[in-house]
Amino acid sequence: MKKILFSLLLGAGAYSASAQEVVITAKMDKMPNDTLVTLIEPYTGEWDSVRVVNHSFTLKSSMKKGGSIYILMIGNQGEKCGTILYLEEGKVHITGKGPYFDNATYKGDTWVKEWQEMMALTSPDRKEVKQQAELGEKISKAMKVGDEEAADKYSKEYAAITAKVQKSYRDWIAKHPNSGVSAYATTVFFNGTKEYDEVAALLGEHAIATRIMQRRLNPGKIDPAPVGFKFGEPGEAQGALGKVKVGDMAPAFSVPDANGKMVSLADFKGRYVFLDFWASWCGPCKPQIPYLKAANDKFKDKNFSMIAVSLDSKKEAWMNAVEKHGINWTNVSSLKGWSDETIAAYGANYIPFNVLIGPDGKILGMGLYGEDVEKKLAEIIK
């Protein structure tokens, strides 16, 4: 497999001595001939490719490390041309009427069916998932007008529906303990939560042997540090990456807000700063927002500030996402996408990515997700 640099964080990976090869075949009525089809392991950037012939393709890829999450792309026209798949040794056949994966049908080994079930369970069109999003918007609107009573009411409803959604994931895992898809669900939906150990204990031998779980259990040994996949903003080059670590002085930056006013790290001297890199098109960024809201609400009056640096290139998309998700802390963006100098200075080639900076300007933490955000802040801010 060739290796290239990409950017989007998906939490997954693993090892299996018996796994050998996956065979992906596809027949799409309007799939453009001679188009390059690329299969990418988004955590490491490993890839294989083949070209479309007679609106069809057959792509084979090594599965010696076991099951993992991949992105399959037809051409390079942004998010519409790609789909996310769980793959392991075996076969999957894709059929459809369009040029891309909308309304496509997937058939093959058992794990193909299991992945479709998980996609249905997590779909934004699912009633409970849609209720989550609606309640999140209600909380945001209530907070904006200072209606604490309504915000508290909606927050309780949000917590209840979230618990219901999480239970559905857990129940699915319990019914499919040996599925590689269960390994994926465990690392994505429970990683960083207090339930993680309980859910991980449900997994069977095959699930644990996946590249996904082995990467989680043995960081840096199964695969190197993630590079991820740059998805949603094609055609933009990222500048040379800096290298920062805990204990370093945080790189200075100056980025405009929505009104064009420059916001600098120096403006927050003497305060704790949580610097969060995200984008409106970044799917994995969205589950982090409720945790960031909770942390901001708890610590915003304790010498603490949050700064959200968007990697959007379109202002309208950025502003709509800020409003939709109720991101009511400092928002800035150069509107340069991945060519943004700030994320390059901090050495990140994936999002969501974050850095916690102390009052003296030194980096106190990096890569804090889920409940770990509030936990880390509670340790250092008294």
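Whatever comes next refers back to the structure up there.
Residues numbered from 1 in each chain as written. Predicted model: local features only at pLDDT ≥ 70, side-chain atom pairs only at ≥ 80, totals over all residues. Heavy atoms only, no water.

Draft legend 1. Examining the sheet that holds strand β8 (residues 90-96) more closely. Read from one edge to the other, the open sheet built from 4 strands follows the order β5-β2-β8-β9, with strand pairing classed as mixed. A single partner strand is all that each edge strand has here, and the edge strands are β5 (56-62) and β9 (105-108). Looking at each pair of strands side by side, their axes are set apart by 15 degrees on average, direction ignored. Summarising the sheet, strand β2 (residues 21-28) and β5 pair through 7 bridges and their orientation is antiparallel. Within β5, the residue paired with V22 across the bridge is S61. (Pairing = 2+ DSSP bridges. Helix = DSSP H or I, 4+ residues; strand = E, 2+ residues; numbered from the N terminus. Axes fitted to C-alpha atoms, helices over the stretch in contact; angles between N-to-C directions.)

Draft legend 2. Region of the structure containing unusual backbone geometry. Positive phi values are uncommon outside glycine, yet D34 reaches one of about 65 degrees. In this structure, D34 sits in the loop between β2 and β3 (36-41). The phi angle at N103 is positive, at roughly 60 degrees, despite the residue not being glycine. Its place among the elements puts N103 in the loop between β8 and β9.

Draft legend 3. Layout of empty space enclosed by the protein. For the coordinates displayed, the defined rule picks out 2 cavities of 30 Å³ or more. One number sums up the size of the largest cavity: a volume of about 40 Å³. D276, W278, C285, Q288, I289, L292, I327 and P352 are the residues that line the largest cavity. Secondary-structure elements contributing two or more residues to the lining of the largest cavity are β12 (272-278) and α8 (289-299). Taken together, the residues of the lining of the largest cavity break down into 6 nonpolar, 1 polar and 1 charged. Roughly 30 Å³ of internal volume is contained in the second largest cavity. Taken together, L85, Y86, L87, V92, Y106, W111, V112, W115 and Q116 form the lining of the second largest cavity. The residue makeup of the lining of the second largest cavity, split by class, is 8 nonpolar, 1 polar and no charged. (1 Å grid on protein atoms, 1.4 Å probe; cavity = no way out; pocket = protein on both sides within 12 Å on 5 of 7 lines; lining within 4 Å. Points joined across faces, edges and corners; volume = space filled by probe spheres on them. Nonpolar A, V, L, I, M, F, W, Y, C, P; charged D, E, K, R; others polar.)

Draft legend 4. Representation of helix α1 (residues 110-122). Look at α1: 19 Å from first C-alpha to last across 13 residues, which is about the 18 Å you get at 1.5 Å a residue. Those residues of α1 that sit buried are W111, V112, E114, W115, M118 and L121. (Expected span 1.5 Å × (residues − 1). Buried < 20%, exposed > 50% of the residue type's maximum accessible area, 1.4 Å probe, protein only.)

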